[in-house]
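The primary structure of each chain is shown beneath.
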Amino acid sequence: MTLDALDPLIHVPARLQIVATLAALPEGDALSFPRLQDLIGLTPGNLITHLRKLEDAGYLATEKSGNGPASRTSVALTHRGRAALNTYTAAIRRLLDGL
Amino acid sequence: MNGTRDIDDTAASDPDGSFDPREAAKLLDQTTRQARRRLDLSSPQLSLVGATAALLALGAVWLSVRGQHPYKGPTAAGLLVMYGILACWIATAVTFQRRALSGVSGRSVRQQRAFGAAIVTALVAVSVFQGVLHHDGVSNAIVYGIYPLTAQLIAMGAVAAGLQAAREDWPAFGIAIAVMCVAAGGAFAGPRGVWLIDGIGLCVVVLGYSVAQAWLRRR
């Protein structure tokens, strides 16, 4: 097994942290952008960039509620994103077993 | 910004740009543990405080009734100590849970609110029924001894068991069932002994949960 078996979208430190953090929530729950930032410790600009890439792949869904300064963005892992993380975890275990 | 950092697609990677699978596995494990710990609605420490609070609160009432012949019910001082300890415990638990649920929305929050409403309704219903028993002339040993604690613990245990079954949190489900068993078994100790037996039983059950939580977190 080679590194190619690992999902390139998840196999990046920042995105791995984002997906793993959101996967710690029960299915059906979402996390606000500031709390996700607090848990991971990325700058807002960097976090937005990585969230967009994951959202484009259908791994997570974002929802904006409210308007103006009171607006709030929530992020949740989709069923597809959770499945992708499970596949990634299994692949990395197999890869490390083979080393 | 304090406490934040920039990580691009090649950061924390090897010089050739690839992200070492060993590092990835370590990061995945660390992130998952940290997120679970910070988003968890309970903790071994919180359970430890709960176990101590149960023992002290019910022990205080037992001290106030153990010499009563015939049984009259908990004294004002005993009740004051019990409610004071319970108020401190509830404030601690609510603060902890609010911190864990900060920024979280969706199913868990709705479940937690429904659980709170169900617990309050169950406790009010138990108290109303206690009033009915008093009104119908049932003895103090039942109305102010065996009934209130037994009924409240069984009601809270049943509501908690329902919630934990829905969440598929089986250790917490087991604790809720154990609380109901302690309540039912403690009733055999009579109006005085029920406070002590339930206090010790709850303390042991919640301590066991605290140990189980600590063990599950280390795995």
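Here we summarise the structure given alongside this text. Residue positions are given per chain, counting from 1 as you read along its sequence in written order. Lettering for chains starts from A, numbering for ligands starts from 1, and both go in the order in which the items are written. Reporting in this predicted model follows two pLDDT cut-offs: at least 70 for local features of residues, and 80 or more for side-chain atom pairs to be given and counted; totals over whole chains, interfaces and linings ignore these cut-offs and use all residues.

**Concerning the overall build of chain A**
Item 1. What chain A contains, in helices and strands, is four helices and three strands.
Item 2. With respect to the principal axes defined by its C-alpha atoms, chain A has extents near 50 × 25 × 20 Å.
Item 3. Partly exposed residues are those falling between the two cut-offs: more than 12 but fewer than 20 other C-beta atoms within 10 Å of their own, whereas 20 or more means buried and 12 or fewer means exposed, with C-beta atoms placed from the backbone. Burial status across chain A gives 39% buried among its 99 residues.
Item 4. A fraction of 58% describes how many contacts in chain A between residues 6 or more apart in sequence connect residues 24 or more apart. Secondary structure elements follow DSSP: runs of H or I of four or more residues count as helices, runs of E of two or more count as strands, with numbering from the N terminus. What counts as a contact is two residues whose backbone-derived C-beta atoms lie within 7 Å of each other.

**So, the interface of chain A and chain B**
How big an interface is tends to be stated in terms of accessible area lost as the parts join.
Item 1. Taken together, the contact pairs 29 residues of chain A with 31 residues of chain B.
Item 2. When residues of the side of chain A that touches chain B are traced back to their parent elements, those giving at least two are helix H1 (13–23), strand S1 (29–32), helix H2 (33–40) and helix H4 (79–97) of chain A.
Item 3. At six residues, H1(A) tops the list of elements feeding residues into the side of chain A that touches chain B.
Item 4. Polar here means any residue outside two lists: the nonpolar Ala, Val, Leu, Ile, Met, Phe, Trp, Tyr, Cys and Pro, and the charged Asp, Glu, Lys and Arg; Gly therefore counts as polar. Classifying every residue of the side of chain A that touches chain B by side-chain character gives 17 nonpolar, 10 polar and two charged.

**Observations regarding the packing of helix H2 (residues 44–65) of chain B against helix H3 (residues 76–101) of chain B**
All names here are of chain B.
Item 1. Between the N-to-C directions of two axes lies an angle of 0 to 180 degrees, each axis being a line fitted to C-alpha atoms and, for a helix, fitted only over the stretch in contact. Interhelical geometry of H2 versus H3 gives an angle of 170° and a closest axis separation of 8 Å. By the angle between their axes, H2 is roughly antiparallel relative to H3. Two secondary-structure elements touch here, H2 through Leu46, Val49, Gly50, Ala53, Leu56, Ala57, Ala60, Val61, Leu63, Ser64 and Val65 and H3 through Ala77, Gly78, Leu79, Val81, Met82, Ile85, Leu86, Trp89, Thr92, Ala93 and Phe96.
Item 2. Considering only residue class, the contact of H2 with H3 consists of 18 nonpolar, four polar and no charged. Reported orientations rely on four angle classes, namely roughly parallel under 35 degrees, roughly antiparallel over 145, roughly perpendicular from 65 to 115, and oblique for the rest.

**Describing H2(A)**
Item 1. Along H2(A), the positions that sit buried rather than exposed are Arg35(A), Leu36(A), Gln37(A), Leu39(A) and Ile40(A).
Item 2. Residues of H2(A) that are buried make contact with H1, S1, helix H3 (44–56) and strand S3 (72–77) of chain A together with helix H1 (21–39) of chain B.
Item 3. Backbone geometry just downstream of H2(A) places Gly41(A) in the positive-phi region, at approximately 85°.

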